[in-house]
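# Overview (structure and organization)
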Amino acid sequence: MRISLSDEIIKEQKRFSSPTIAPQALALDGKQLWMSSRDLGFLYTVDVEQGKIVDEIDPPGVVWAAVATNGAMHVTIGKGLNDDRYVYRYAGKNGFTKLFACPDFAGSYLSFDGENLYLSQW
């Protein structure tokens, strides 16, 4: 669903069914919608107008959160039997770069204010 936030009124702009099962992370980089599947373990780019998967990316674990950051995506990825969480940077052809472990190996959501990356935990 795409919504517009103007004058404190939320107005639905577009709605489509998820193109994958168990959608988890959701981010918009200004051009494309990014979505992960918790169960399948993929990160996708999605055509916003048609609601269809454009590209399927195989990350090094389950993508739990994603946020667009100045031409790249930052994601939290869970790895291993304990689902230890790390923050990665994804930059297209350069792939995934592990940046740091989340505190206590637990991190759920990301946001970005144009300068700082924020991580929250349950």
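Quick look at the structure, then.

What counts, and at which threshold
Residues numbered from 1 in each chain as written. Predicted model: local features only at pLDDT ≥ 70, side-chain atom pairs only at ≥ 80, totals over all residues. Heavy atoms only, no water. Core = buried A, V, L, I, M, F, W, Y, C linked by side-chain atoms within 4.5 Å. Buried < 20%, exposed > 50% of the residue type's maximum accessible area, 1.4 Å probe, protein only. Helix = DSSP H or I, 4+ residues; strand = E, 2+ residues; numbered from the N terminus. Contact = heavy atoms within 4.5 Å. Phe/Tyr/Trp six-rings, centres within 6.5 Å; stacked < 30°, edge-to-face > 60°. Pairing = 2+ DSSP bridges. Axes fitted to C-alpha atoms, helices over the stretch in contact; angles between N-to-C directions.

## A word on the nonpolar core
Soluble, globular proteins show a tendency: their nonpolar side chains are buried together. Membership of the largest hydrophobic core comes to 13 residues, with the highest contact counts inside it found for Trp 34, Val 63, Ala 66, Met 73 and Val 75. The set of elements that each furnish at least two residues to this core consists of strand S3 (23–28), strand S7 (62–69), strand S8 (72–79) and strand S9 (84–90). Apart from the residues lying within four places of it in its own chain, the contact partners of Val 75 are Val 63, Ala 65, Ala 66, Tyr 86, Val 87, Tyr 88, Phe 96 and Leu 110. Counting residues in hydrophobic clusters, the runner-up holds 5 residues, among them Met 35, Tyr 44, Val 46 and Val 48.

## Brief notes about the packing of aromatic side chains
Under the counting rule described, the total for this entry stands at 5 aromatic pairs. Seen in terms of ring centroids, Trp 34 and Tyr 90 are 5.9 Å apart; in terms of plane orientation they differ by 70°. Their pairing is edge-to-face. Of this pair, Trp 34 sits in strand S4 (residues 33–37) while Tyr 90 is found in strand S9, placing the two residues 56 residues apart along the sequence. By the burial criterion, Trp 34 is buried, and Tyr 90 matches it. Joined through ring pairs, the aromatic side chains of Trp 34, Tyr 88, Tyr 90 and Phe 96 make up one cluster.

## Structural notes on the sheet that holds strand S5 (residues 43–47)
An order of S3-S4-S5-S6 is seen for the 4 strands of this open sheet, with the pairing classed as antiparallel. At either end of the open sheet lies a strand with only one pairing partner, and these are S3 and strand S6 (52–57). When strand polarity is set aside, the average angle formed by the axes of neighbouring strands in this sheet is 25°. Alignment of S4 against S5, held across 4 bridges, turns out to be antiparallel.

## Topic: the pairing of S5
Counting buried positions along S5 gives 4 out of 5 residues, so the element sits mostly inside the fold. Where S4 folds back on S5, the antiparallel hairpin that results is connected by 5 residues, among which Gly 41 adopts a positive phi of roughly 80°. Here S5 runs beside S6; their pairing, made up of 5 bridges, is antiparallel. Within the sheet, the bridge partner assigned to Thr 45 lies in S6 and is Asp 55. In this structure, the hairpin formed by S5 and S6 is closed by a connection of 4 residues, where Gly 51 is found at a positive phi of approximately 70°.

## A look at unusual backbone geometry
The phi angle of most residues is negative, glycine excepted, and most peptide bonds adopt the trans form. Backbone geometry places Ala 22, a non-glycine residue, at a positive phi of 45°. In this structure, Ala 22 sits in the loop between strand S2 (9–14) and S3. A residue is classified by how much of its surface remains accessible, and Ala 22, at 19% relative accessible area, is buried.

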